[in-house]
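Spelled out, the chains give:
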Amino acid sequence: MQSSLSVSDSDGSSFAPLVVLELAENTEAEAITWLLNRIKDKQQNGGAELLVEQLQVSGQDEQKRSPKVFLVGSTWQRLLSGAEDVGLFKEFYDGTMRGFTYANRESFKDFEGDGDGFLSIAECQYIIKHELDTLRAKGEKYVPGYPKVKLYPGKSVIRRLQSKGILVQVFPLHDKEELKRLSFSWYRKIKLSYQPLDDIRHYFGEGLGLYFGFLEYFTFALVPMAFIGIPYYLFAWEDYDRYVLFAVFNLLWSTVFLEVWKRCSAQLAYRWGTLSRKKAFEEPRPGFHGVLGFNPVTGREEPVYPNTKRQLRIYLVSVPFVLLCLYLSLHVMMIYFDMENWALSIYDEDPNFWTSVLLFIPSIIYAVVIELMNLLYRYAAEFLTFTCRCMLLTEIVHNLFLQFNFVNCFASLFYIAFVMQDMVLLRQSLATLLITSQILNQVMEAFLPYWLQRRRNKKVHKRVKRMMGDKELPLVEQIQLESDMNTYLGTFDDYLEQFLLFGYVSLFSCVYPLAALLVVLNNVTEVYSDAFKICHVFKRPFSEPTSDIGVWQLAFETMSAIAVVTNCALIGLSPQVKAYFPEAETQLILTVVAVEHIILAFKFVLAFVIPDVPKHIQIKLAKLEFESLEALKKKVSTYTGW
């Protein structure tokens, strides 16, 4: 890892900051001293054994220190021992991926000298974050200087300080040289090629590496659908007989697409050392409060909230609130239909160019309202998480996903398709919603944050120039700029956008085959906009070691199964298909249900036939497990004297 932002020497003489801690401006001196001592203290004394310095700010007249910003670094030896603590997997000399151990460090590939370059910057910053998060309260009853801020034995000190606003933020620093190289190989030049996934993973970690890998794979997988959809759109608009073949192909494609992605994901995860890695136990979120109790999993005392009270809050507060939001969503949908009828009546009275344009206005307005409501629903999900006393951060994601977005985005399309049975309006609404949502997402995710960030950057430049005069202090300016950036909240919103696009493509493919082409065009620009916002709009996120896309795999598979039902039902509703059953509606329904079950069965057979993990990786994992068991047997026999 040779870069401008390197790791400190073994004796700590050459301090290189990797992580920034920002405390509140009015933080008590006792609390600052206590926290710094805990960070610097030896591991055997319960400390993190890291290096800490205050940010040096040179003024025009004198040198002073920022009382609230601290830079955290580490020696290589400490990082290597931390790599073993967090369970990093690295490539062994024989080409297999094994859990890193400090004692056997020389046996790992690419380990040379004192290990300089062996760990990526993302791994180094992840290790430091892990060591900070695992700083546990010992005998202290409260934070020094804050008698009301109680400390629970064995619980994370950093999370407690965050929940009380004493610790404002913790974020990893960008490496300017590394970031510049990554930008040029990634998005600075427009080119039709694969993304540098290994470089992305090296700089940002496995979580973002897998997201951009999925985005790339999804885009390339849509290309056949896009090419097939173009002639269907141009030459077979009303021919539902031909749409049957297109819909069946779409449904089988979605199954193969998801199953092959599992294999690609497993290959990436194995190469990056996360396939066999155990997920860390998730701590309660910083804002969670409760009575001190015993956690049977960790064996430690921590805040708990009685399950009975939590269930009461769910059924008496959260469920009614969710139902109210869903009612508002459906009410807005009905207003949209009234607007459609109004626009259609005007067009019928005077059909011309302007009234034909007016037909699209209700759908555009509705698409904008959906995006605004999705933002409101995010705040609602966070509110529900707080009121329900949900302990873990992932529950926020589950609430948001399960309760709001699917109904909000697809309710109107289902209503048009199966209640109104208006295929012309369905095509128009689907096209308008898809195009409008893509434009809005690009504006909200990249262009608007970039514009706001540029305004903040100008203010920071002026402020730093006033502080340091004519002297050059690039690190101070960099930290000021990055501290004012918005925090990247994770890949949830990015996966959610792809999930909704997948729904637009798969759910109603037989009425709008051009959807795949629009999603391909969107995702090509999405790669560049997402890359730009990660590199320059948001703070650099900490690495998130992960072996797959998690709950989103199940979400996409569920959407694929729902798509079978919707497409079969839409084909059954078409006049061409109904003509085959002029006086036998029951037979038509039974035929559609039978076809639906056959396709679902075929999907499950495909999912069973295609293994999730490639054979060569299965062999390597089995070999590693066998060697681990043999080593354990030898250790037990040596210990027992057999």
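Worth saying up front: this structure is predicted, and the values here are computed from it rather than measured.

Conventions adopted
Sequence order sets the numbering: in each chain, residues are counted from 1 along the sequence as written. A pLDDT threshold of at least 70 governs which residues receive local features in this predicted model, and a stricter bar of 80 or more applies before side-chain atom pairs are shown or counted, although totals over entire chains, interfaces and linings include all residues. Derived side-chain values reflect all non-hydrogen atoms in the structure, with water molecules and hydrogen atoms excluded from consideration. The helix count covers DSSP runs of H or I at least four residues long, the strand count covers runs of E at least two residues long, and both are numbered beginning at the N terminus. Only protein chains enter the accessibility calculation, which uses a 1.4 Å probe; a residue is then buried when its area is under 20% of its type maximum, exposed when over 50%, and partly exposed in between. Residue contacts follow a heavy-atom distance rule, with two residues in contact if any of their heavy atoms lie within 4.5 Å. The method behind every accessible area is Shrake-Rupley, applied with a 1.4 Å probe, and residues are considered shielded solely by the protein chains displayed. Here the term cavity refers to a set of points on a 1 Å grid, laid over the protein atoms alone, in which a 1.4 Å probe fits but cannot get out; the term pocket refers to an open set having protein on both sides within 12 Å along at least five of seven lines, with lining residues being those that place an atom within 4 Å of a point. Grid points are joined across faces, edges and corners, and a volume is the space filled by probe spheres set on the points. Note on residue classes: Ala, Val, Leu, Ile, Met, Phe, Trp, Tyr, Cys and Pro are nonpolar, Asp, Glu, Lys and Arg are charged, and everything else, Gly too, is polar. Lines fitted to C-alpha atoms define the axes, with helix axes restricted to the stretch in contact, and inter-axis angles between N-to-C directions lie between 0 and 180 degrees. Any angle that is under 35 degrees is reported as roughly parallel, and any over 145 degrees as roughly antiparallel; angles of 65 to 115 degrees are reported as roughly perpendicular and all others as oblique. Any Phe, Tyr or Trp ring, taking Trp's six-membered ring, that has another such ring centre within 6.5 Å forms a pair; planes under 30 degrees apart are called stacked, those over 60 apart edge-to-face, and the others tilted. Charges are assigned to positions over rings by a cutoff of 6 Å between ring centre and Lys NZ or Arg CZ, combined with an angular limit of 35 degrees from the ring normal. Two helices cross in a left-handed way if the nearer one is turned anticlockwise from the farther one by less than a right angle. They cross in a right-handed way if the turn is clockwise. When DSSP locates at least two bridges between a pair of strands, those strands are taken to pair. In this scheme, a helix's expected span is set at 1.5 Å multiplied by one less than its residue total. Polar contact criterion, stated in full: a pair of N or O atoms within 3.5 Å, where within protein one must be able to donate a hydrogen and the other to accept it, and residues adjacent in sequence count only if both atoms are side-chain atoms. Residue-level confidence of the predictor is summarised by pLDDT, bounded by 0 at the bottom and 100 at the top. UniProt positions are given in the numbering used here, feature names are shortened, and annotations may be inferred rather than shown by experiment.

Per the secondary structure count, the protein chain includes 20 helices and 10 strands. By the burial criterion, 50% of the 642 residues in the protein chain qualify as buried. In the protein chain, of all internal contacts separated by at least 6 residues, the share reaching a separation of at least 24 is 73%. Carbon and sulfur atoms make up 62% of the accessible area of the protein chain, which amounts to about 31,700 Å² in all.

With the rule as written, the count across this model stands at 3 cavities of 30 Å³ or more. The computed volume of the second largest cavity comes to approximately 40 Å³. Lining the second largest cavity, in full, are Phe89, Met97, Ala269, Tyr270, Gly273, Thr274, Leu275, Ser276 and Leu621. Of the residues that constitute the lining of the second largest cavity, the class distribution is 6 nonpolar, 3 polar and no charged.

What follows covers the layout of surface pockets. By volume, the second largest pocket is sized at about 1,000 Å³. Every residue lining the second largest pocket is counted, 36 residues in all, and those nearest its centre are Leu375, Arg378, Met444, Glu445 and Asp493. Only α11 (361–387), α12 (394–420), α13 (423–468) and α15 (492–507) provide two or more residues apiece to the lining of the second largest pocket. Here the element with the most residues in the lining of the second largest pocket is α11; it accounts for 10 residues. Residues belonging to the lining of the second largest pocket are distributed by class as follows: 21 nonpolar, 7 polar and 8 charged.

Another aspect to go through is the packing of helix α3 (residues 121–133) against helix α6 (residues 197–204). Interaxial distance between α3 and α6 falls to 5 Å at its minimum, and their mutual angle equals 30°. Here α3 is positioned roughly parallel relative to α6, judged by the angle of their axes. Contact residues: α3 offers Ile121, Ala122 and Glu123, while α6 offers Arg201, His202, Tyr203 and Phe204. Taken together, the residues of the contact of α3 with α6 sort by class into 4 nonpolar, 1 polar and 2 charged.

Under the definition given, this model contains 40 aromatic pairs. Seen from their ring centres, tryptophan 186 and tyrosine 187 are 6.3 Å apart, and the 75° between their planes marks the pair as edge-to-face. Like tryptophan 186, the residue tyrosine 187 is buried in the burial classification. In this structure, lysine 90 is placed above the aromatic ring of phenylalanine 118, and the distance from its NZ or CZ to the ring centre is 5.1 Å. Between lysine 539 and the ring centre of phenylalanine 171, over which it is positioned, the NZ or CZ distance is 5.9 Å.

To continue, consider the packing of helix α5 (residues 176–186) against α6. Two elements in contact, α5 and α6, have axes whose closest approach is 10 Å; the angle formed by their N-to-C orientations is 155°. As far as their axial angle goes, α6 and α5 are roughly antiparallel. As for the relative orientation of α5 and α6, their crossing is left-handed in sense. Together, Glu178, Leu179, Leu182, Ser185 and Trp186 of α5 and Asp199, Ile200, His202, Tyr203 and Phe204 of α6 make up the contact between the two elements. Class assignment for the residues of the contact of α5 with α6 results in 6 nonpolar, 2 polar and 2 charged.

Further remarks concern the environment of glutamine 56. Structurally, glutamine 56 can be placed in strand β2 (residues 51–58). The spatial distance from the C-alpha of glutamine 56 to the C-alpha of valine 476 is 7.5 Å, given a sequence separation of 420 residues.

Burial runs high along strand β1 (residues 19–23): 5 of the 5 residues are buried. Here β1 shows two buried faces, one formed by Val19, Leu21 and Leu23 and the other by Val20 and Glu22. Strand direction decides the pairing type here: β1 and strand β8 (residues 167–172), joined by 5 bridges, are antiparallel. In the sheet register, glutamate 22 faces β8, and the bridge partner there is glutamine 169.

Let us look at helix α19 (residues 585–609). The end-to-end C-alpha separation of α19 is 36 Å, in line with the 36 Å expected for 25 residues at 1.5 Å each. Turning to α19, its buried residues number three or more, namely Leu588, Val592, Glu596, Ile599, Leu600, Lys603 and Leu606.

Unusually for a residue other than glycine, aspartate 110 sits at a positive phi of about 70°. Here aspartate 110 lies in the loop between β5 (97–99) and α3. Residue aspartate 110 is classed as exposed on the basis of its relative accessible area, which comes to 55%.

Okay, α6 next. All of the buried residues along α6 are Leu197, Ile200, Arg201, Tyr203 and Phe204. A positive phi of about 100° marks glycine 205, the residue just after α6.

So, about the side chain of glutamate 123. Of note, glutamate 123 is situated in helix α3. Using a relative accessible area of 5% as the deciding quantity, one classes glutamate 123 as buried. Of the polar contacts made by the side chain of glutamate 123, one reaches the backbone nitrogen of serine 120; its length is 3.0 Å. When neighbours within four sequence positions are excluded, glutamate 123 is seen to be in contact with Leu88, Lys90, Phe118 and Arg201.

Let us look at the confidence of the model for the protein chain. On average, residues of the protein chain carry a pLDDT of 79, and 79% of them reach 70 or more. Note that residues 285–290 has pLDDT below 50 and, in this model, 26 contacts with residues that lie over four places away or in other chains. Within the model, pLDDT remains below 50 along residues 388–393, and this stretch shows 27 contacts once partners closer than five positions in the same chain are excluded.

What follows is about the UniProt feature "transmembrane region" (unreviewed entry) in the protein chain. Those residues carrying the UniProt feature "transmembrane region" (unreviewed entry) are residues 210–237, 243–261, 314–337, 357–377, 397–418, 430–452, 499–521 and 588–610 in this numbering. From the first C-alpha to the last, residues 499–521 spans 16 Å; its make-up is 70% helix and 0% strand. With 96% helix and 0% strand, the stretch residues 588–610 has end C-alpha atoms that lie 33 Å from each other.

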